[in-house]
Amino acid sequence: MPLLQLDKIHISFGAQHIVRGVSLQLEAGEIGCLLGPSGCGKTTLLRAIAGFQGLQLGTITMANECVSSPNQLTPPEQRGIGMVFQDFALFPHLTVAENISFGMRKASAAERRARVDELLTRIGLPGYQKRYPHELSGGQQQRIALARALAPKPRLLLLDEPFSSLDAELRERLAVEVRELLKQEQITALLVTHDQQEAFAMADKAGVMYQGELLQWETPYQLYHQPRHQLVADFIGHGVLLQGTVNASGSLASPLGMLEHPSLLTVPDGTPVSFLVRPDDIVPDTNSRLRGRIKARGFRGAHNLYSVQLNSGIEVLTLSPSHEQMNVGDEVGLRPEFDHLVVFAADHCELPGFHDQAPLVRPFTPPVSTAPPAQPVPTSPKAKSA
């Protein structure tokens, strides 16, 4: 039985539709994450789950109990929900111990002290009971805010971009620590963020929202390798969508040459498609006849991320070890290497500028085989691993 279930919920402010037909569920102990650009409705959805926002249609159920519907709105304080906010919202005049125990007013003093000591140990801040928020770093304040939300042992924890004000390295480290803490506490949680790395580090299930709709709700691995919508493919990870035409069984005429992949076996000949190209699908190769010129270079630590403009004018991304540096303006050879080829129907693409590309009936480079011998795969708009 799911601890949290949303069934086709709609939220509107006047004539403006903010959330449209969203359905998802979380099992007890699972951590979920909602990703999406600003204004997509993810924070409004979180407010509705918390009980701060009513519904026009649909239901929200917790442990098989309806807490929200068009005719019902269980108050937030009766839902057993904890919240962690973007700005921490610690009380500056209260000590760390008083902040953490703030929601435990029905517990005895001894129970409050024991719970505070337990949580401070778990978040790596033992002995901080008497300090005040202004004496803590940003990361320490966020840990205290999390401990305060966990102190009453809520059924569900909601986190609204909790790490957005922290630096990148601290965000990544805290995401891992928070996941471990939630698993130790056996707390079901739902996180809202626009940071993919936070989602990948924390979530068992994740979804991408766009203009109020939940486009896909699956594991982070499936979002990355098996996106079911072009906007999911575009939002998750670096990559570009290119056009091509299936012109023989298992062959795709594309700006990268003739590609072959098992996922194309069931696609009829002559079908125009779009396919996803990520940086790790393209390998620099000085011997390749597919050529391009480097337009931009971004340092990523162990790797450089290059934007390369092909002779056709289309730009793709590729990775190369940073100690093998290439310069902007250099000509480079590229070799496609697809482990996962993600294919969509070309006429359904919603990305701006995509239809400016002309589908190719024949490749303009010699055939390039990028896959092992074909094997049967299920008919699906998304590609399976080769």
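What counts, and at which threshold
- Residues numbered from 1 in each chain as written.
- Predicted model: local features only at pLDDT ≥ 70, side-chain atom pairs only at ≥ 80, totals over all residues.
- Heavy atoms only, no water.
- Pairing = 2+ DSSP bridges.
- Helix = DSSP H or I, 4+ residues; strand = E, 2+ residues; numbered from the N terminus.
- Contact = heavy atoms within 4.5 Å.
- Axes fitted to C-alpha atoms, helices over the stretch in contact; angles between N-to-C directions.
- Parallel < 35°, antiparallel > 145°, perpendicular 65-115°, else oblique.
- Nonpolar A, V, L, I, M, F, W, Y, C, P; charged D, E, K, R; others polar.
- Buried < 20%, exposed > 50% of the residue type's maximum accessible area, 1.4 Å probe, protein only.
- Core = buried A, V, L, I, M, F, W, Y, C linked by side-chain atoms within 4.5 Å.
- Polar contact = N/O pair within 3.5 Å; in protein donor to acceptor, adjacent residues only side chain to side chain.
- Salt bridge = Lys/Arg side-chain N within 4 Å of Asp/Glu carboxyl O.

Colleague: Which parts of the structure should I look at to understand the sheet that holds strand S2 (residues 16-26)?
Modeller: What links the strands of a sheet is backbone hydrogen bonding, and the strands pair in either a parallel or an antiparallel sense. Taken together, five strands build an open sheet; the order of strands is S2-S1-S4-S5-S6 and the sheet is antiparallel. Bordering the open sheet on either side are S2 and strand S6 (72-73), each of which pairs with just one other strand. Two strands pair when backbone bridges link them, and strand S1 (residues 4-13) and strand S4 (residues 57-62) are joined in this way by five bridges, in the antiparallel orientation. The residue of S4 that forms the bridge with Leu4 is Met62. Running at roughly 115 degrees to S1, helix H1 (residues 42-50) makes contact with S1, S2, S4 and strand S5 (65-69) of the sheet.

Colleague: Hey, could you run me through the packing of helix H3 (residues 109-122) against helix H5 (residues 168-185) in this one?
Modeller: Contact pair H3 / H5: the axes reach a minimum separation of 11 Å and the direction vectors enclose 140 degrees. By the angle between their directions, the pair H3 and H5 is classed as oblique. In this structure, H3 contributes Arg115, Glu118, Leu119 and Arg122 to the contact, and H5 contributes Leu181, Gln184 and Glu185. The class makeup of the residues in the contact of H3 with H5 is two nonpolar, one polar and four charged.

Colleague: It is not clear to me how the pairing of strand S3 (residues 31-35) should be interpreted in this structure. Could you clarify?
Modeller: The side chains of a regular strand alternate between both faces of the sheet. Of all five residues in S3, five are buried, a share of seventy percent or more. Neither face of S3 is open: one carries Ile31, Cys33 and Leu35, the other Gly32 and Leu34, and all of them are buried. Relative to strand S9 (residues 188-192), S3 runs parallel, the two being bridged by four bridges. The residue of S9 that forms the bridge with Leu34 is Val192. Both S3 and strand S10 (residues 205-210) contribute to a ladder of four bridges, which runs parallel. Bridge pairing in S10 links Leu35 to Val208.

Colleague: Explanation requested: the nonpolar core in the structure shown.
Modeller: In globular proteins that are soluble, nonpolar side chains generally tend to be buried together. Judged by nonpolar contacts, the single largest core of 48 residues is most densely connected at Ile100, Ile144, Leu157 and Leu182. Leave out the neighbours within four places in its chain, and Ile100 touches Val116, Leu119, Leu120, Ile144, Ala147, Arg148 and Ala151. In terms of nonpolar packing, the next biggest core, distinct from the first, is built from 30 residues, Leu3, Cys40, Ile49 and Val67 among them.

Colleague: Is there a simple way to think about the sheet that holds strand S18 (residues 303-310) in this case?
Modeller: Taken in spatial order, the five strands make up an open sheet running S16-S20-S17-S18-S19, and their pairing is antiparallel. The open sheet is flanked by strand S16 (282-284) and strand S19 (315-321), the only strands paired with a single partner. Sheet twist, expressed as the average angle between the axes of neighbouring strands with direction ignored, equals 50 degrees.

Colleague: Could you clarify how one ought to interpret the side chain of Glu198 in this entry?
Modeller: Mapped onto the fold, Glu198 is located in helix H6 (residues 196-202). In terms of polar contacts, Glu198 uses its side chain to reach the side chain of Thr193, at 3.0 Å. Other than its neighbours up to four places away in sequence, Glu198 contacts Phe163, Arg171, Ala175, Leu191 and Thr193.

Colleague: Would you take a moment to explain the pattern of salt bridges for this structure?
Modeller: For side chains bearing opposite charge, pairing can occur when the charged atoms are close. With the rule as written, the count across this model stands at twelve salt bridges. Close ionic contact of Glu30 with Lys205 constitutes a salt bridge, the shortest N to O distance being 3.6 Å. Taken together, the positions of Glu30 in the loop between S2 and S3 and Lys205 in strand S10 put the pair 175 residues apart, joining distant regions of the chain. According to the relative accessible area criterion, Lys205 is partly exposed, its value standing at 24%. Between Glu337 and Arg335 there is a salt bridge, with its nearest N and O atoms 2.1 Å apart. A single salt-bridge network, built from bridges that share partners, covers Arg115, Glu118, Arg122 and Glu185.

Colleague: Explain H1 here, please?
Modeller: One full turn of an α-helix is made of 3.6 residues, so residues set three or four places apart face in the same direction. Within H1, seven of the nine residues are buried, leaving the element largely enclosed by the surrounding structure. Lys42, Thr44, Leu45, Leu46, Ala48, Ile49 and Ala50 are the residues of H1 that are buried. Residue Gly51 follows H1 closely and has a positive phi angle near 100 degrees.

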